[in-house]
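Observations on the model geometry
Spelled out, the chains give:
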Amino acid sequence: MDKKQAKKVKFNLFDALVILVILVAAVAVYLILQGSSDDGVFAESSPISYTVEVTGLQEGMEDTVSVGDEFQETSDGNTMGTVTAVEVIPYTVQATDEKEGVIRNQEVEGYSTLRITLEVQSVETDSAIETTEGEAIRVGTSVTMSNGTLLAKGTIIWMEREDAE
């Protein structure tokens, strides 16, 4: 036998795993670099309407909000939107009816709940619908906002976004 004869190359499971890991890493790097080129924005800006419910306001505070007011998020001053509607409803708490043994919603005298509907330009990203200033709009999220007269903490309870053209 010739000593210069080529040795047989053995391919085993460990070699296959190394190649697979390298391929997965290459695909991951490609996807990360590809995704960063568009900043995760999928559509042009379009209007979004959403409602913030503010509970437990003392009587008379509902007069501090009117259609056309602009609200800002208090921590960074970003625009939350312009008021398009204000609804005042009674503030209620759950209380036990001792006679019947059931839990009922009971109105609290001297307090009200405000449902403030806002409209703002928004964009859709890979993680959320956001205002053009970067505030995420998600149902169930707590927001602290001010219109210069009223400082309020509320919860986003409804949203509707028009399709971008």
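Keep in mind it's a predicted model, so treat the numbers as computed, not measured. (Residues numbered from 1 in each chain as written. Predicted model: local features only at pLDDT ≥ 70, side-chain atom pairs only at ≥ 80, totals over all residues. Heavy atoms only, no water.)

Observations regarding a nonpolar patch on the surface
On the surface, Leu13, Leu17, Leu20 and Val24 cluster together into a nonpolar patch covering about 420 Å² of accessible area. Relative to the helices and strands, Val24 resides in helix H1 (residues 13–36). (Patch = residues over 30% accessible without salt bridge, like charges linked within 9 Å, V, L, I, M, F, W, Y side chains within 5 Å. Areas by Shrake-Rupley, 256 points an atom, 1.4 Å probe, with all protein chains shown as cover. Salt bridge = Lys/Arg side-chain N within 4 Å of Asp/Glu carboxyl O. Helix = DSSP H or I, 4+ residues; strand = E, 2+ residues; numbered from the N terminus.)

Examining the pattern of salt bridges
Any two side chains of opposite charge can pair, given that their charged atoms come close. Taken as a whole, this structure holds four salt bridges when the rule is applied. When the shortest N-O distance is used, the salt bridge between Arg115 and Glu53 registers 2.7 Å. Taken together, the positions of Arg115 in strand E4 (residues 102–124) and Glu53 in strand E1 (residues 46–58) put the pair 62 residues apart, joining distant regions of the chain. On the basis of relative accessible area, Arg115 is assigned to the partly exposed category, the value being 28%. Across the salt bridge formed by Arg104 and Glu100, the nearest N and O atoms sit 2.5 Å from each other. (Buried < 20%, exposed > 50% of the residue type's maximum accessible area, 1.4 Å probe, protein only.)

Brief notes about the nonpolar core
Core analysis: the largest hydrophobic core is formed by 20 residues, its most contacted members being Tyr50, Val52, Phe71, Met80, Ile116, Leu118 and Met145. Listing elements by their share of this core, those giving two or more residues are E1, strand E3 (79–97), E4, strand E7 (142–146) and strand E8 (151–161). Excluding residues that lie within four positions of it along the chain, Phe71 makes contacts with Val65, Asn78, Thr79, Met80, Gly81, Val83, Ile116, Leu118, Met145, Ser146, Asn147 and Leu150. (Core = buried A, V, L, I, M, F, W, Y, C linked by side-chain atoms within 4.5 Å. Contact = heavy atoms within 4.5 Å.)

A short note on the side chain of Ser46
Along the chain, Ser46 turns up in strand E1. Under the relative-accessibility criterion, Ser46 is labelled buried at 3%. A distance of 3.2 Å separates polar atoms of two side chains, one belonging to Ser46 and the other to Arg161. (Polar contact = N/O pair within 3.5 Å; in protein donor to acceptor, adjacent residues only side chain to side chain.)

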